[in-house]
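Take a look at the letters that make up each chain.
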Amino acid sequence: MNKYLERLYNGIIKENPTFVLMLGMCPTLAVTTCAISGLQMGLTTTAVLIMSNFLISLLRNVIPDKIRIPAYIVVVATLVTVVELLLEAYLYTVFETLGLYIPLIVVNCIILGRAESYASKNTPVLSAFDGIGMGIGFTFGLTTIGLVRELLGAGTVFNFQVIPEAIDPIKIFVQPAGAFFVLALLTMLQNVFKLKSATNVEKSEKDKLACGGNCMECHGYQCIANKEVLTEKKDN
Amino acid sequence: MSDMYNVSASPHARSKVTTQRIMFDVALALVPAGAFGIYNFGLRALVVMLVCVGACVLTEFVYEKLMKKTVTIMDGSALVTGLLLAYNLPVSMPLWMAFLGSVFAILIVKMVFGGLGQNFMNPALGGRAFLVASFGSYMNNFEPVKKVATDVAGGATPWDAVDAVSSATPLAMLKNGETVDILDMFIGNINGTIGEVSALAILVGAAYLVIRKVISLRIPLTYILSFVVFMILFGGKGLDVNFLLAHVCGGGLMLGAFFMATDYVTSPITVGGQVIFGIFLGVLTGIFRVFGGSSEGVSYAILMGNLIVPLIEKITLPKAFGREGRKHEK
């Protein structure tokens with residue numbers, strides 16, 4: 001597969017940030033009360049993610065290793081501020097719905113995670129594609145969760161009444177608790193149908209590792225997830 | 001061949017107590033309260049109970065079939081959960097909501113955590129909390145279905161029959177500063193959810209459980225006593241016996257104290273832990289009833305109590321003999 005397309009596939013399906021990596025849970029749980037706001041949040045994050053991946057990849061040889069995280073934060077925060085001001089100027093309704101969660105994109109772990117694990121080691125264009133893939137995956141996750149919550153909790157889909165109003169909606173699904181139920185439910189479905197992802201493919205020893213077993217590229221933190229496999233290997 | 005020569009592995013002395021026996025004892029003990037609910041609210045109360053029990057058992061059966069696990073519906077725990085959930089609903093509850101609440105109670109609260117013994121909170125109360133959060137207006141709708149018509153020829157079916165019941169629950173009336181009739185509250189001639197109205201019927205059931213040694217009185221008594229003490233201190237009426245009795249008989253306190261707080265799975269096993277648990281529930285219920293926005297607080301108190309059970313057990317764990325005790329001074 002083309003390496004650019006591979007990045008998109010990786011972000012949308014194989015390492016979907018919402019259902020597989022379980023990253024960025026704060027906006028995932030908080031703003032997905034309806035499909036529209038999930039979509040808005042996803043697209044806003046995608047915009048920041050593409051630009052931050054691109055910029056950080058450009059700067060990857062300039063940023064000193066020891067202070068890379070603060071440097072990433074500065075880049076991301078700048079981009080988020082730009083996006084926030086743009087939204088306030090041109091898409092005021094989006095700005096109002098998302099509110100506090102726009103500045104919080106700065107500390108969104110998908111963005112920092114991609115900067116750390118991908119953009120800091122790859123070329124700018126490839127990193128931008130990684131950002132697109134991850135962003136679409138995130139948007140897809142948020143919109144799906146928002147869609148299910150909206151349908152069950154309010155009886156509407158993208159604000160169109162689908163279930164007749166005479167039937168009372170199950171309000172808990174548009175309340176915070178409902179977000180957890182829906183996220184768990186969708187992740188369960190994804191596991192039941194064994195959609196190919198980084199976590200439920202069991203082909204070979206190498207595939208079990210989230211980093212693909214390339215220790216040269218490992219910064220250590222991934223080992224926590226791989227601990228079991230690595231100890232097994234050692235024992236053998 | 002004589003039985004005397006049978007060889008078997010230990011244990012040789014077995015207790016006759018099984019999950020099934022306990023659960024059916026609890027179900028039996030719940031009968032008086034349910035019977036009174038049917039008498040008080042009419043046949044629709046029975047329909048709600050049947051829907052809840054049926055949904056609970058069915059959910060457990062379907063889940064275990066789908067997951068290819070041993071089917072455990074015969075242990076009676078789903079039956080008890082269904083009954084308790086029905087007792088927590090007002091009689092006017094739409095049946096599909098009762099069904100949904102039962103499915104939630106069994107599927108989300110109990111089965112996905114590993115089934116009976118693994119649930120971290122009382123399934124029936126979890127189902128109730130789900131229904132309160134989802135359909136709040138229906139859960140607090142204590143309007144009688146229809147006043148009873150004395151002449152059947154008037155067109156009233158037993159279905160609609162409701163004995164003289166006022167529209168507000170006694171606790172809501174207390175909260176508004178109105179007076180209530182203690183005797184009515186004790187017998188159960190009041191409005192409320194299906195199973196909570198009659199303190200008398202609940203006490204009869206509870207007495208049966210105590211005699212059968214299914215429950216100990218430790219949790220219920222510390223619960224109710226600490227609640228009474230809390231109400232004396234903070235209830236605003238001081239040592240007003242009428243007020244205190246109304247609060248003890250009113251709402252879900254009796255049902256909660258004897259049937260839900262004593263749930264084996266979600267209450268501490270240590271003696272000290274049970275006392276702490278009871279006091280915690282009493283104080284929480286008091287706080288919810290006196291300072292909270294709603295007039296009732298038992299179900300959330302028990303749910304909160306369920307959540308801290310692991311912590312209570314951790315601090316009340318007895319010391320292992322010979323190893324962890326204080327060193328003997330010579």
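As the structure is a prediction and not an experimental result, all values here were calculated from the model. (Residues numbered from 1 in each chain as written. Chains lettered and ligands numbered in written order. Predicted model: local features only at pLDDT ≥ 70, side-chain atom pairs only at ≥ 80, totals over all residues. Heavy atoms only, no water.)

Moving on, we get to the pattern of salt bridges. The final tally for this structure, using the stated rule, is 8 salt bridges over all chains. Salt-bridge contacts for B:D25 lead to B:R212; the nearest nitrogen and oxygen are separated by 3.0 Å. With a gap of 187 residues between them, B:D25 in helix 1 (residues 19–41) and B:R212 in the loop between helix 9 (199–211) and helix 10 (218–234) connect regions that are remote in the sequence. The partner of B:K110 in a salt bridge is B:E60, and the shortest N-O contact between them spans 2.9 Å. One end of the pair, B:K110, is in helix 4 (residues 95–110); the other, B:E60, is in helix 2 (residues 43–66), and 50 residues separate them in sequence. Residue classification places B:K110 among the buried residues on the basis of a relative accessible area of 2%. Through salt bridges with shared partners, one network takes in A:E6, A:R7, A:E15, A:R114 and A:D130. (Salt bridge = Lys/Arg side-chain N within 4 Å of Asp/Glu carboxyl O. Helix = DSSP H or I, 4+ residues; strand = E, 2+ residues; numbered from the N terminus. Buried < 20%, exposed > 50% of the residue type's maximum accessible area, 1.4 Å probe, protein only.)

Before going further, it helps to spend a moment on the nonpolar core. Grouped together as the largest cluster of nonpolar side chains are 88 residues, with contacts concentrated most on B:L30, B:Y223 and B:F259. The dominant element in this core, judged by the number of residues it contributes, is helix 1 of chain B, at 9 residues. Residue contacts for B:Y223: discarding those within four places in its chain leaves B:L253, B:G256, B:A257, B:A261, B:G278, B:L281, B:G282, B:T285, B:V298, B:A301 and B:I302. Formed by 28 residues, the second largest nonpolar core is a distinct cluster that contains A:L49, A:L79, A:L87 and A:L112. (Core = buried A, V, L, I, M, F, W, Y, C linked by side-chain atoms within 4.5 Å. Contact = heavy atoms within 4.5 Å.)

How big an interface is tends to be stated in terms of accessible area lost as the parts join. If you look at the interface, chain A gives 8 residues, while chain B gives 10 residues. In total, about 720 Å² of surface goes out of reach between chain A and chain B, with carbon and sulfur atoms giving 68% of it. Our count for the chain A to chain B interface comes out at 0 salt bridges. Across the chain A-chain B interface, the total number found is 3 residue pairs in polar contact (both at pLDDT 80 or more). Of the residues in the side of chain A that touches chain B, the class split is 5 nonpolar, 1 polar and 2 charged. (Buried area = accessible area lost by both parts, 1.4 Å probe. Polar contact = N/O pair within 3.5 Å; in protein donor to acceptor, adjacent residues only side chain to side chain. Nonpolar A, V, L, I, M, F, W, Y, C, P; charged D, E, K, R; others polar.)

Moving on to the packing of helix 1 (residues 3–14) of chain A against helix 7 (residues 124–154) of chain A. Residue and element names in this part refer to chain A. For the pair helix 1 and helix 7, interaxial distance at closest approach is 7 Å and the crossing angle is 30°. Taken together, the axes of helix 1 and helix 7 lie roughly parallel to each other. Seen from above, helix 1 lies across helix 7 with right-handed handedness. Only V125, L126, F129, D130, I132, G133, M134, I136 and G137 of helix 7 make contact with helix 1, whose side of the interface consists of K3, Y4, R7, L8, N10, G11 and I12. Along the lines of polarity and charge, the residues of the contact of helix 1 with helix 7 split into 9 nonpolar, 4 polar and 3 charged. (Axes fitted to C-alpha atoms, helices over the stretch in contact; angles between N-to-C directions. Parallel < 35°, antiparallel > 145°, perpendicular 65-115°, else oblique. Left-handed = near helix turned anticlockwise from the far one by under 90°.)

What follows covers the confidence of the model for chain B. Residue and element names in this part refer to chain B. Confidence along chain B averages 84 in pLDDT terms, with 89% of residues attaining 70 or more. Taken element by element, the predicted model of chain B shows its lowest mean pLDDT in helix 7 (residues 170–175) (77) and its highest in helix 2 (93). Low pLDDT, under 50, characterises residues 145–166; the predicted model gives this stretch 32 contacts beyond four residues in sequence or across chains. (pLDDT = per-residue confidence, 0-100.)

With that settled, consider the side chain of A:S120. Residues and elements named next belong to chain A. Along the polypeptide, S120 turns up in the loop between helix 6 (109–119) and helix 7. For S120, a relative accessible area of 19% translates into the label buried. In this structure the side chain of S120 is engaged in a polar contact, spanning 2.8 Å, whose partner is the backbone oxygen of E116. Those residues in contact with S120, other than ones at most four positions away along the chain, are R60, Y72 and A115.

Next up on the list: the environment of B:F230. Residue and element names in this part refer to chain B. Mapping F230 onto the fold places it in helix 10. Accessibility expressed as a relative area gives 8% for F230, which makes it buried. Sequence separation of F230 and I279 is 49 residues, and the distance between their C-alpha atoms is 9.8 Å. Apart from the residues within four sequence positions on either side, F230 is in contact with G235, V283, G286, I287, V290 and F291.

Leave glycine aside and you will find that most residues have negative phi; peptide bonds, for their part, are mostly trans. Put simply, B:S10 and B:P11 share a cis peptide bond, and its omega is 5°. Positionally, B:P11 belongs in the segment before helix 1. Here A:M22, not a glycine, exhibits a phi torsion of approximately 55°, which is positive. Positionally, A:M22 belongs in the loop between helix 1 and helix 2 (25–30). With a relative accessible area of 34%, A:M22 lands in the partly exposed category. At A:F158, a residue that is not glycine, the phi angle is positive and equals roughly 50°. Tracing the backbone shows A:F158 in the loop between strand 1 (156–157) and strand 2 (160–161).

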